[in-house]
Amino acid sequence: MKKLYTLSMTYNKTNNLLGWLCFTIASLTYILTLEPSVSFWDCGEFISCAYKLQVSHQPGYPLFAMIGKVFSLLSMGDVTKVAYFTNLGSALASGATIMFLFWSITTLAKKLLAVKGEALTQNQTLQIMGAGLTGALAFTFTDTFWFSAVETIVFAWSSLCTAVVFWAILKWDTVADEPRADRWLVFIAYVIGLSIGIHLLNLLTIPALVMVYYFRRHKNINLKSGLAAFFISIAILAFVQFGVRGYTISLAAHFDLFFVNTLGLGFGTGAMFFFALIIGGLVFGIRYSIRKQKHFLNVGLLCVVFVYFGYGSFAYIPIRATAGTNLNNSHPSDAFTLYEYLNRTQYGETPLLTGPQFDAKITDVTDGTPLYRKGANNYEIAYKKPNYVYDHTTFLPRMWSTEENTTYTQDAQFYRDWLQLSDNATPTFGDNMRWMFSWQMYQMYWRYFMWNFVGRYNDDDNEGQTNMQGIGGNWTSGIFNNTTNTPKAILNNVTYTPLYALPLVIGLIGMYFHFKKRKQDALVIILLFFFTGLAIVLYVNQPSIQPRERDYSYVGSFYAFAIWIGLGLIALINLIPKKINPRFATIGATMICLLVGPVLLGVKEWRNHDRSTKMAAHDMAYNYLMSCPKNAILFDLGDNDTYSLWYDQEVENIRPDVRIVNLSLLSADWSVRQMQRKINQADALPITMAFDKYKLGTRDVIRYNDVKIPGYTEVKDIFDFITSDDKRTHVEYTNGTTENFLPTKNFKLTVKADDVTKNKVITPEQKGMLTDTMKWQFPPSYITKENLAMIDILAHNDWKRPICFTTSISRANMIGLQPYLYEEGFTFRLLPLKTDSSLSDQLSKTNSLVMYSNVMNKFKFGNFKNAKYLDQQSTQVFYPQLVNTFSDLSLGLIKDGHPDLALNTLKKYEEVMPDINPSLLAAQTKMTLADTSYKLKYAKLGNKLINSVHEYITDQLDHNYHQLQQDTGKLNPREVQIGMSFLNNMVAITRDGHQDALSKQLMAQLTDYEGKFKSILQL
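Quick caveat: nothing in here was measured; it's all calculated off a predicted structure.

Details of the overall build of the protein chain
For step 1, the next point in the chain: Within the protein chain one finds 38 helices and 18 strands.
For step 2, the next point in the chain: In summary, the protein chain has a C-alpha radius of gyration of 31 Å against a globular reference of 31 Å for 1019 residues, a match within 12%.
For step 3, the next point in the chain: Overall size of the protein chain, expressed as C-alpha extent along the three principal axes, is 100 × 85 × 60 Å.
For step 4, the next point in the chain: Within the protein chain, the proportion of its 1019 residues that are buried is 58%.
For step 5, the next point in the chain: Intrachain contacts of the protein chain at a sequence separation of at least 6 include 74% that bridge at least 24 residues.
For step 6, the next point in the chain: Accessible area for the protein chain stands at about 43300 Å²; split by element, carbon and sulfur atoms hold 58% of it.
For step 7, the next point in the chain: The centroid of the 93 positive side-chain charges in the protein chain is displaced by 10 Å from the centroid of its 83 negative side-chain charges.

Considering the sheet that holds strand 14 (residues 773–777)
For step 1, the next point in the chain: Read from one edge to the other, the open sheet built from three strands follows the order 10-13-14, with strand pairing classed as mixed. Only two strands of the sheet have a single partner each, and these edge strands are strand 10 (713–714) and strand 14.
For step 2, the next point in the chain: With five bridges connecting them, strand 13 (residues 746–750) and strand 14 associate as antiparallel partners. Across the sheet, residue Asn-746 finds its bridge partner in strand 14, namely Gln-777.

Description of empty space enclosed by the protein
For step 1, the next point in the chain: Tallying each qualifying case throughout the model produces seven cavities of 30 Å³ or more.
For step 2, the next point in the chain: As a volume, the largest cavity reaches approximately 370 Å³.
For step 3, the next point in the chain: What lines the largest cavity is a set of 25 residues, and nearest its centre among them are Phe-147, Arg-456, Arg-548, Glu-549 and Asp-551.
For step 4, the next point in the chain: Of all the elements, helix 6 (residues 143–149) adds the most residues to the lining of the largest cavity, at four residues.
For step 5, the next point in the chain: Here the lining of the largest cavity is composed, by residue class, of eight nonpolar, seven polar and ten charged.
For step 6, the next point in the chain: By volume, the second largest cavity is sized at about 260 Å³.
For step 7, the next point in the chain: Asn-326, Leu-327, Trp-646, Gln-674 and Met-675 are, among the 20 residues lining the second largest cavity, the residues nearest its centre.

Regarding a nonpolar patch on the surface
For step 1, the next point in the chain: On the surface, Phe-242, Tyr-247, Leu-251, Tyr-539 and Val-540 cluster together into a nonpolar patch covering about 480 Å² of accessible area.
For step 2, the next point in the chain: Going through the elements one at a time, helix 10 (223–262) and helix 21 (534–540) are the ones with two or more residues in the nonpolar patch.
For step 3, the next point in the chain: Along the chain, Phe-242 turns up in helix 10.
For step 4, the next point in the chain: On the basis of relative accessible area, Phe-242 is assigned to the partly exposed category, the value being 37%.

Some remarks on the environment of Val-505
For step 1, the next point in the chain: Among the secondary structure elements, Val-505 is positioned in helix 19 (residues 502–517).
For step 2, the next point in the chain: Put simply, Val-505 and Val-596 are 91 residues apart on the chain and 10.0 Å apart in space, counted from C-alpha to C-alpha.

What to know about a positive patch on the surface
For step 1, the next point in the chain: Taken together, the side chains of Arg-287, Arg-291, Lys-292 and Lys-294 define a basic patch exposed on the protein surface.
For step 2, the next point in the chain: The topology assignment puts Lys-292 in the loop between helix 11 (269–291) and helix 12 (295–311).

Observations regarding the side chain of Glu-35
For step 1, the next point in the chain: Along the chain, Glu-35 falls in the loop between helix 1 (2–32) and helix 2 (43–52).
For step 2, the next point in the chain: Side chain to side chain, Glu-35 and Lys-614 meet in a polar contact 2.8 Å long.
For step 3, the next point in the chain: Discounting residues that sit within four places of it in the chain, Glu-35 has contacts with Tyr-84, Asn-87, Val-150, Arg-611 and Lys-614.

A short note on helix 13 (residues 316–323)
For step 1, the next point in the chain: Buried within helix 13 we find Tyr-316, Ile-317, Pro-318 and Ala-321.
For step 2, the next point in the chain: Following helix 13 by one or two positions, Gly-324 adopts a phi angle in the positive range, close to 75°.

Quick look at the sheet that holds strand 17 (residues 821–823)
Across a sheet, paired strands are connected by hydrogen bonds in the backbone, their directions being either parallel or antiparallel.
For step 1, the next point in the chain: Pairing within the open sheet is mixed, and its five strands lie in the order 8-7-16-18-17. Whereas interior strands pair on both sides, the edge strands pair on one side only; in this sheet they are strand 8 (659–662) and strand 17. On average, each strand axis in the sheet is tilted by 30° relative to the strand beside it, whichever way the strands run.
For step 2, the next point in the chain: Bridge count between strand 7 (residues 633–636) and strand 16 (residues 803–806): three bridges; the pairing is parallel. Paired with Phe-635 across the two strands is Phe-805, which belongs to strand 16.

Some remarks on the packing of helix 34 (residues 920–935) against helix 35 (residues 939–966)
For step 1, the next point in the chain: It is the contact of helix 34 with helix 35, at a shortest axis distance of 8 Å, that shows an interaxial angle of 150°. Taken together, the axis directions place helix 34 and helix 35 in an arrangement best described as roughly antiparallel. Seen from above, helix 34 lies across helix 35 with left-handed handedness. Facing Leu-920, Ala-923, Lys-926, Met-927, Leu-929, Ala-930, Ser-933 and Tyr-934 of helix 34, the residues of helix 35 in contact are Ala-939, Leu-941, Gly-942, Asn-943, Leu-945, Ile-946, Ser-948, Val-949, Tyr-952, Ile-953 and Gln-956.

Focus: the side chain of Thr-205
For step 1, the next point in the chain: Locating Thr-205 in the fold gives a position in the loop between helix 8 (183–196) and helix 9 (206–217).
For step 2, the next point in the chain: A distance of 2.7 Å separates a polar side-chain atom of Thr-205 from the backbone oxygen of Asn-202.
For step 3, the next point in the chain: Among residues more than four places away in sequence, those in contact with Thr-205 are Thr-162, Val-165 and Leu-528.

Structural notes on the pairing of strand 7
For step 1, the next point in the chain: Both faces of strand 7 are covered, namely the face carrying Ile-633 and Phe-635 and the face carrying Leu-634 and Asp-636.
For step 2, the next point in the chain: In this sheet, strand 8 lies alongside strand 7 in parallel orientation, the contact comprising four bridges. Residue pairing across strands places Asp-636 opposite Asn-662, the latter belonging to strand 8.
For step 3, the next point in the chain: Of the crossover connections in this fold, the one passing from strand 7 over helix 25 (residues 639–650) to the parallel strand 8 is right-handed.

Comments concerning the packing of aromatic side chains
For step 1, the next point in the chain: What the rule picks out here adds up to 75 aromatic pairs.
For step 2, the next point in the chain: Here the aromatic rings of Phe-414 and Trp-418 are separated by 5.9 Å at their centres, their planes lie at 50°, and the arrangement is tilted. Note that Phe-414 and Trp-418 are positioned in helix 15 (residues 408–419) at a spacing of four residues, about one turn of the helix. Neither Phe-414 nor Trp-418 differs from the other in exposure class; each is buried.
For step 3, the next point in the chain: With a centroid separation of 5.3 Å and 85° between ring planes, the pair formed by Phe-530 and Phe-531 is classed as edge-to-face.
For step 4, the next point in the chain: Members of the aromatic cluster, each reached through a chain of ring pairs, are Tyr-445, Trp-446, Tyr-448, Phe-449, Trp-451, Phe-453, Phe-515, Phe-529, Tyr-554, Phe-558, Phe-561 and Trp-564.
For step 5, the next point in the chain: For Lys-907, the ring lying beneath its charged end belongs to Tyr-938, and the centroid distance is 5.8 Å.

Some thoughts on the pattern of salt bridges
For step 1, the next point in the chain: Within this structure, the stated rule accounts for 33 salt bridges.
For step 2, the next point in the chain: As a salt-bridge pair, Glu-650 and Lys-52 come within 3.3 Å of each other at their nearest N and O atoms. Of the two residues, Glu-650 sits in helix 25 while Lys-52 sits in helix 2, which places them 598 residues apart along the sequence.
For step 3, the next point in the chain: Lys-52 sits in the partly exposed class, given a relative accessible area of 28%.
For step 4, the next point in the chain: Between Asp-871 and Lys-614 there is a salt bridge; the shortest N-O distance is 3.3 Å.

Observations regarding the packing of helix 9 against helix 20 (residues 519–531)
For step 1, the next point in the chain: In the contact formed by helix 9 and helix 20, the axes pass within 8 Å of each other and the chain directions differ by 165°. With respect to helix 20, the element helix 9 is oriented roughly antiparallel. Two packed elements cross with a definite hand, and for helix 9 against helix 20 that hand is right-handed. Across the interface between the two elements, Pro-207, Ala-208, Met-211, Val-212 and Phe-215 of helix 9 pack against Gln-520, Leu-523, Val-524, Leu-527, Leu-528 and Phe-531 of helix 20.
For step 2, the next point in the chain: Broken down by class, the residue content of the contact of helix 9 with helix 20 amounts to ten nonpolar, one polar and no charged.

Remarks on unusual backbone geometry
For step 1, the next point in the chain: Each neighbour pair has its own omega, and for Gln-58 with Pro-59 the value is 0°, a cis peptide bond.
For step 2, the next point in the chain: Examined against the element boundaries, Pro-59 turns out to sit in the loop between helix 2 and helix 3 (62–72).
For step 3, the next point in the chain: Although it is not a glycine, Gln-293 sits at a positive phi angle of roughly 55°.
For step 4, the next point in the chain: By the secondary structure assignment, Gln-293 is in the loop between helix 11 and helix 12.
For step 5, the next point in the chain: The class for Gln-293 is exposed, based on a relative accessible area of 71%.
For step 6, the next point in the chain: Located in the positive-phi region is Ala-501, a residue other than glycine, with phi close to 65°.
For step 7, the next point in the chain: Along the chain, the position of Ala-501 falls in the loop between strand 6 (497–498) and helix 19.
For step 8, the next point in the chain: In this structure Ala-501 comes out as buried when scored by relative accessible area, which is 15%.

A closer look at the nonpolar core
For step 1, the next point in the chain: Of all hydrophobic cores here, the largest spans 158 residues; its most connected members are Tyr-30, Phe-139, Phe-166, Ile-169, Phe-449 and Ile-563.
For step 2, the next point in the chain: Among the elements that make up this core, the one with the highest residue count is helix 4 (residues 82–113) (16 residues).
For step 3, the next point in the chain: Aside from chain neighbours lying at most four places away, what touches Ile-169 is Leu-185, Ile-188, Leu-209 and Val-212.
For step 4, the next point in the chain: One finds Ala-616, Ala-617, Leu-645 and Ile-989 within the second-largest nonpolar core, a separate group that totals 84 residues.

What counts, and where the lines are drawn
Residues numbered from 1 in each chain as written. Predicted model: local features only at pLDDT ≥ 70, side-chain atom pairs only at ≥ 80, totals over all residues. Heavy atoms only, no water. Helix = DSSP H or I, 4+ residues; strand = E, 2+ residues; numbered from the N terminus. Rg over C-alpha atoms; globule rule 2.2 N^0.38 Å. Buried < 20%, exposed > 50% of the residue type's maximum accessible area, 1.4 Å probe, protein only. Contact = heavy atoms within 4.5 Å. Areas by Shrake-Rupley, 256 points an atom, 1.4 Å probe, with all protein chains shown as cover. Lys, Arg positive; Asp, Glu negative; His and termini not counted. Charge placed at Lys NZ, Arg CZ, Asp CG, Glu CD. Pairing = 2+ DSSP bridges. 1 Å grid on protein atoms, 1.4 Å probe; cavity = no way out; pocket = protein on both sides within 12 Å on 5 of 7 lines; lining within 4 Å. Points joined across faces, edges and corners; volume = space filled by probe spheres on them. Nonpolar A, V, L, I, M, F, W, Y, C, P; charged D, E, K, R; others polar. Patch = residues over 30% accessible without salt bridge, like charges linked within 9 Å, V, L, I, M, F, W, Y side chains within 5 Å. Salt bridge = Lys/Arg side-chain N within 4 Å of Asp/Glu carboxyl O. Polar contact = N/O pair within 3.5 Å; in protein donor to acceptor, adjacent residues only side chain to side chain. Axes fitted to C-alpha atoms, helices over the stretch in contact; angles between N-to-C directions. Parallel < 35°, antiparallel > 145°, perpendicular 65-115°, else oblique. Left-handed = near helix turned anticlockwise from the far one by under 90°. Right-handed = clockwise from strand over helix to strand, strands pointing away. Phe/Tyr/Trp six-rings, centres within 6.5 Å; stacked < 30°, edge-to-face > 60°. Lys NZ or Arg CZ within 6 Å of the ring centre and 35° of its normal. Core = buried A, V, L, I, M, F, W, Y, C linked by side-chain atoms within 4.5 Å.

Here it is as structure tokens:
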């Protein structure tokens, strides 16, 4: 017995030490590859909200913000280090995830090998530890998990919660027969409650956790009771997700509605009464369970209590919203707005079991659920969500975009293109299922799975989501790739990560072995794998192309598969002939598995994840801000622009005088209201409307109704008309309702020279270009809230503050102001100068000298030339912006008579920009730069740019010619035609630039390709 105890202690010590070794290896890996500043997408918002404890986007991440705040304090007041330390929090959380994964794998491996009542042999211990190291370290270096481990994002901490609860249920399983073992269940409930304040993904572990409990505690395991346990697990998941998380707040809100509107009590009294009822009921139930010795009821109620304890982090949201933080998404300061915030009401509802397909037509609209808002003394109905009635619906609608969606046209076309449906074809239920399996499941889940365990061509998510057969963004084992069937631009890129499918093979072997030896444990893993993977696909029901790849959502599924990679080691050992020395076989198999698992993954993935030298997101936002004049109003659009801008301003205090206005958010009344107050050093926007003029349900849409007003109408007069409450300014509809309308699209703004001069809007040299009236046409057929706010600003700004738009903003959001927008770097500035109708592109104008000063003296360039790795957003967004900026500036300087400055611009480009070709658009702009270089007698740069684009284009053409010869069906005719067009343009550019030898070489190549692609070019 003593020997058994000693062996057990030795095993536990080894298990603990190796677990911490995994933590150390993983944490060091992530720290060494950590992004030193802000990353793209949500990271900028998360860091800003953590640093100042602000309110982020729905459904809220309060615990994550509070944890981030703790890590931000490690910066010791150096605001430039805040992002690094919040990123460090993700690295350490991810390292801890790997540690708990190791302990979970060793627990499951021990159950495979241990014989009850017998001590583990030394060889069995080696196998168990080898399995843990193989699986945990393999997952350490997987693409998706590593990506989130080096930036401030919720998925690192969410993964830790998943790892902890799964480890805890296995821990409970080993001690379930001991007294007080069920305290582990209470601990799990608490972690699940806490995880809601980080991300909801952790809730999807509940079915697997319940099945562990069922297999351990239920005495008669059979199909009937197993199915009952499974459905109970779904009920528990629904209870936590909808009951605790959602309906708790909903019921509190409706109690408050009754207490305020019916009983006449103050705001919040009903909610407090409801919470008191919940507390009282739980206390009574626990006391009752103790008194009556009802153990299961006691444990169940305690679990509910501790879920609520963890969920209590959401008290942060209304507290900080009421405090009026700078970033205060939705301003959820009361129970109703908090409920809408938690349930992401503003994003609309997704049909799950029944609903319309994209070809369904709306036949009727009825009033739906009312949305309440605080009034002066009671709650008022602000808006009733419309219920749309369709001419037909279907079961399990997957292609569900309908006419009321802003992206409907794009979505419908993508559905038809993907399924190869004609424009008039009616999609069937079979088409619906084909879409679900081919796009939602394969393209948007299995493709990601293969990235992690088979290999990947590159990170091009533009092509990745839209093409099952293409190379961009697709998976590959790399086994059959060579320069004849894969472009050199792919093979030589750091994002090319062939894994030869070896991690997948080991995992599949492990899965098969696990099911063969311990079906119950394997079933638990398969449930974890399914619910954190394909179940999300079914529930989220993604429509059409996403703004970015969504692989991070399925990291729990990849975590589950990593367990089988670990168990694959034991499976392989069992395949080794028994005549080989068991210890030698174990050590040899472990070495092989470590090499084809963690080592292979680490070597291949490192280049693709080393962000230690990347500053692109920070510097892109920095350049936006530095392009703005003092006290500017900066209109922007989209997450990548906005969140990085928020970080630079809110955390590093860069240009706090600039007022950042996200037009997507400005469509909400709470956002407009927040813009009417000062933040940082930026004054309130000149929005004159009272809240009652634009609150939810009021002037949500102002439709165009042409009343044939001759000429152009003053912006202020239009604004007064569309915001008037006088019924004479309204249009009446057949149902008796009336609303404001837009009477003309022809806008004008009279320019007062004194205002322009006093506010130094233009330079003295530009006085001769000053116009007395700005005239433009408003493009849309209706005005939404953000348009209304913009019109208010234009009508009342009086040139006191510069108005700028980011260069990345869509033209539709410029409301027709293009003739008066001048590029000054990364922004277009509104200037009252005479228009030039001869320009085919009104956005090609530059305020060249101001732009030159900004680019040459103020800009930062993301360490582009020296960065070890640049992510997809850096190469596909920031890089083309920079290339365009240099090109536009050099052309603008030449046009304005400053060729010497234009040459300086080209030399600056050569100094700071890398020689890459991430897209055809960037390559096209580089050709324009080459043309400009030749005109400025700087042939050195011109030839360099032409040769670079030439190499990129001929690489694509050679690849397509190979596809044509092999008749693979993967030929891209459009790519061929564009490539030939580029070659033709390069011939002309080099000829005009007097580079005769190069031009002749290009011409010969063009002729050769014309012969090769004759059949394609004649189509």
